[in-house]
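Survey of secondary and tertiary structure
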Amino acid sequence: MSSAGYTIKLEAFEGPLALLMHLIEKNQVDIYNIPIAAITEQYLDYLTTMEQFNMDVASEFLVMAATLLQIKSRMLLPRPVVLEEIEEGIDPRQELVERLLEYRKFKEISLMLNTLSQEREHFVTRFPQEFAKQFPLPEGLCLDDLLKAFAALWESSIPEFAVITPEQISVKDKMYDIITLLRNNNGSLDFSRTIIRTGSRSEFIAAFLALLELIRLKQIVISQDKPFAPISLMLKE
Amino acid sequence: MFNRHLCGAIEALLFASGQPLLPERIAGILDIHNDHVQTLINDMISSMADEKRGLTIVEVAGGYQLCTKPLLFPIVSKLADIQDNRLSTAALETLAIVAFKQPVTRQEIESIRGVNADRVIATLLDRLLIKEMGRKEAVGRPILYGTTNEFLQCFGLKSLDDLPTIASLLPTSPAG
Amino acid sequence: MFNRHLCGAIEALLFASGQPLLPERIAGILDIHNDHVQTLINDMISSMADEKRGLTIVEVAGGYQLCTKPLLFPIVSKLADIQDNRLSTAALETLAIVAFKQPVTRQEIESIRGVNADRVIATLLDRLLIKEMGRKEAVGRPILYGTTNEFLQCFGLKSLDDLPTIASLLPTSPAG
């Protein structure tokens, strides 16, 4: 099988495996016994054509090209009889064949899924009706809860009275606090100044977790001159 | 009725459209006369009156629309998402400020809590625990908030008079 | 059938929901037993077989959904405002891998398809066909992906248990 007279219709292939499957199907060769030299040649021809058309050849295609060339050379190498006995049954193409079979399996499943979705499309459905959100009133609250909440606020605003009450401060609330404080402070702030509610250890922990989350979300950046020095927060907007 | 299958087609069209469909549009798609559409739809409406059916066809905006029977609204509305009814610490704190200092502006709430209150005020409004009570005669005429009847119900209060005054809440000695 | 009016209520609920409704949800709203819901729906499906009706009820994603009869699709599709939301080859292949190998990481998907999967995963997440299902206990704690309820709906599957049946229909023997 020579590439002479073989014209490649320049199709965009999703990846090297898609291209290889195409070549195997086009040449009608047995996937378990791929004529590696011919297929490699056609594969490389395709990459060359892509380059001629100034198409970006993704690195995955080049990696596969190298793999094909390696398999080809291993198949050409004359192997000593002894070695051959040891390696009996190990075909240099085996790994590639397994990958192709796995890929082909999912390709076939995807075609079946496509058929299913087309069948399903014939059952036309309707958009859900919009209903206003319903908030049932909170239950189990009493005046005491309200007084406690107010007292907690009052205490947090007078540090000398600060009675440590176990308070739940969520990380989400704290993230909100930090962003608001940063906005009110021209975008920069010391971490210590984010402890504004109770000054409790649990608030400190919530604030620290909130800080980490905000960094992860790339909403803020931090800096610290040296270990244990104050942490400065900066809004990243 | 010899055109029974056209009723099925009309039902499917009205269902898929969602919007009211003009009789001309239905007639065009089914390649029948406008008058014929009217007759078929009248026939459908009478058979949909059966209690075994939950839908009906209404004439709206010059067209026909498939919808649930009004009688069934109490059942259908049960599909609405029921939201979580717990209050966060932030919501409870804010509610406490509104309760004891009403009428109060967002700015006043923020100056006590030290943080932005937009989101928590929106939540409390959504949940009908606070309401707008007009505007303060100050720069920017900020909105004033106060508590609702639902708030009283929720905390088991008969009226706002049941709330202690702020003065009585303030600690008189460091022992509180 | 002495509970005819419940059929009407179920029809209205399915219509308003648009989405598949779980039998438990219907039973809860109507305050009847799950088994009773099944019986009523079976009864409804048989009466909807009449050519005078354009709708039917399908069992999908663990629930029941009201939709037009497939037979009428050629007519319904003339409404033209039916959205085309075909999936690309890349999306379908990736979805096939997620469906059969879930929970699966991006790296595992890439090693099967031989190409970067960032963009196609983002598309599938956007379309709610796949979701994050926690992280794998491995180096880098990569995100694990699985299919959603919308996935079942999109392909008309009752549950994930329907998948092996699909695989058994493959043209080549399922190697691996």
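Above this text is the structure in question.
Residues numbered from 1 in each chain as written. Chains lettered and ligands numbered in written order. Predicted model: local features only at pLDDT ≥ 70, side-chain atom pairs only at ≥ 80, totals over all residues. Heavy atoms only, no water.

**Some thoughts on the overall build of chain A**
Operational definition: Numbering goes from the N terminus for both helices and strands, where a helix is a DSSP run of H or I of at least four residues and a strand is a run of E of at least two. Each residue is placed in one exposure class: buried if its accessible area under a 1.4 Å probe, protein chains only, is under 20% of its type's maximum, exposed if it is over 50%, and partly exposed if it falls in between. The contact criterion used throughout is that any non-hydrogen atoms of two residues lie within 4.5 Å. Using a 1.4 Å probe, the Shrake-Rupley method yields the accessible areas, and only the shown protein chains count as cover for residues.
What chain A contains, in helices and strands, is 8 helices and 3 strands. Starting at the N terminus, the α and β elements of chain A follow one another as α-α-α-α-α-α-α-β-α-β-β. Residues classed as buried in chain A amount to 36% of the 237 residues present. A fraction of 57% describes how many contacts in chain A between residues 6 or more apart in sequence connect residues 24 or more apart. Working note: accessible area of chain A is about 14,300 Å², and carbon and sulfur atoms make up 56% of it.

**Observations regarding the environment of leucine 113 of chain A**
Relative to the elements of secondary structure, leucine 113 of chain A occurs in helix α5 (residues 94-121). By relative accessible area, leucine 113 of chain A is classed as buried at 0%.

**Thoughts on the interface of chain C and chain B**
How we decide: Two parts placed together each lose some accessible area; with a 1.4 Å probe, that loss summed over both constitutes the buried area. A side-chain nitrogen of Lys or Arg and a carboxyl oxygen of Asp or Glu constitute a salt bridge if their distance falls within 4 Å. Note that Gly is not counted as nonpolar here; it falls among the polar residues with everything else outside the nonpolar set of Ala, Val, Leu, Ile, Met, Phe, Trp, Tyr, Cys and Pro and the charged set of Asp, Glu, Lys and Arg.
At the interface, 31 residues of chain C touch 32 residues of chain B. When chain C packs against chain B, close to 2,900 Å² is buried across both sides, 65% of that on carbon and sulfur atoms. When the area that chain C buries against chain B is broken down by residue, the three leading residues are Phe15, Lys52 and Leu79 of chain C, summing to 24%. Put simply, chain C and chain B have 4 salt bridges between them. Breaking the side of chain C that touches chain B down by element, the ones donating at least two residues are α1 (4-17), α2 (23-30), α3 (34-48), β2 (63-68) and α4 (73-76) of chain C. Here the side of chain C that touches chain B is composed, by residue class, of 16 nonpolar, 6 polar and 9 charged.

**As for the pairing of strand β2 (residues 63-68) of chain B**
Residues and elements named next belong to chain B. As a reminder, the rule being used: In short, DSSP must find at least two bridges between two strands for them to pair.
Two strands pair when backbone bridges link them, and strand β1 (residues 55-60) and β2 are joined in this way by 6 bridges, in the antiparallel orientation. When the sheet's bridge partners are listed, glutamate 59 is paired in β2 with tyrosine 64. Connecting β1 to the antiparallel partner β2 that follows it, the hairpin turn spans 2 residues, and alanine 61 within it adopts a positive phi of roughly 50°.

**A word on the packing of helix α2 (residues 36-52) of chain A against helix α3 (residues 59-76) of chain A**
Residues and elements named next belong to chain A. Rules: With axes taken as lines fitted to C-alpha atoms, and helix axes fitted only over the stretch in contact, angles between N-to-C directions fall between 0 and 180 degrees. Reported orientations rely on four angle classes, namely roughly parallel under 35 degrees, roughly antiparallel over 145, roughly perpendicular from 65 to 115, and oblique for the rest. Crossing handedness is defined as follows: a turn of the near helix away from the far one that is anticlockwise and smaller than a right angle gives a left-handed crossing, while the clockwise case is right-handed.
Packing of α2 against α3 leaves a shortest axis separation of 10 Å and a crossing angle of 155°. Here α2 lies roughly antiparallel to α3, going by the angle between them. Pair α2 / α3 crosses with left-handed handedness. Across the interface between the two elements, Ile36, Ala37, Thr40, Tyr43, Leu44 and Leu47 from α2 touch Glu60, Phe61, Leu62, Met64, Ala65, Leu68, Leu69, Ile71, Lys72 and Met75 from α3. Of the residues in the contact of α2 with α3, the class split is 13 nonpolar, 1 polar and 2 charged.

**Considering the interface of chain C and chain A**
Note the threshold: Identification of polar contacts relies on pairs of N or O atoms within 3.5 Å, with a donor-acceptor requirement for protein atoms, meaning one able to donate a hydrogen and the other able to accept it, and with residues adjacent in sequence counted only if both atoms are side-chain atoms.
Listed by partner, the interface residues are 48 residues for chain C and 32 residues for chain A. Summing both partners gives a buried area of about 3,600 Å² for chain C against chain A, and 64% of it is carried by carbon and sulfur. Two residues, glutamate 121 of chain A and arginine 86 of chain C, come together in a salt bridge whose shortest N-O distance is 3.2 Å. If you look at where chain C meets chain A, you find 11 residue pairs in polar contact (both at pLDDT 80 or more). Secondary structure elements with two or more residues in the side of chain C that touches chain A: α1, β1 (55-60), β2, α4, α5 (89-101), α6 (106-113) and α8 (149-154) of chain C. For the side of chain C that touches chain A, the leading source of residues is α5 of chain C, giving 9 residues.

**Side note on helix α6 (residues 106-113) of chain B**
Residues spaced three or four apart along an α-helix face the same direction, because each turn holds 3.6 residues. All names here are of chain B. Condition: The arc refers to the directions leading from the helix axis to the C-beta atoms.
All of the buried residues along α6 are Ile109, Glu110 and Arg113. Summarising the axial view, the buried residues of α6 lie within an arc of 100°, below the 170-degree limit, and thus occupy one face. At the C-terminal side of α6, glycine 114 shows a positive phi close to 80°.

**Examining a nonpolar patch on the surface**
The following threshold applies: Residues forming no salt bridge and having over 30% relative accessible area are the ones grouped into patches, like charges within 9 Å of each other and nonpolar side chains (Val, Leu, Ile, Met, Phe, Trp, Tyr) within 5 Å.
A cluster of nonpolar side chains, namely Ile205, Phe208, Leu209 and Leu212 of chain A, defines an oily patch on the protein surface of about 350 Å² accessible area. With respect to the helices and strands, the residue leucine 212 of chain A is situated in helix α8 (residues 201-216).

**A few points about the pattern of salt bridges**
Applying the stated criterion across every chain yields a total of 25 salt bridges over all chains. Between arginine 216 of chain A and glutamate 213 of chain A there is a salt bridge whose closest N-O contact spans 3.0 Å. Taken together, the residues span about one helical turn, with arginine 216 of chain A and glutamate 213 of chain A both in helix α8 at a distance of 3 residues. On the basis of relative accessible area, glutamate 213 of chain A is assigned to the partly exposed category, the value being 26%. Between arginine 113 of chain C and glutamate 93 of chain C there is a salt bridge, with its nearest N and O atoms 3.0 Å apart.

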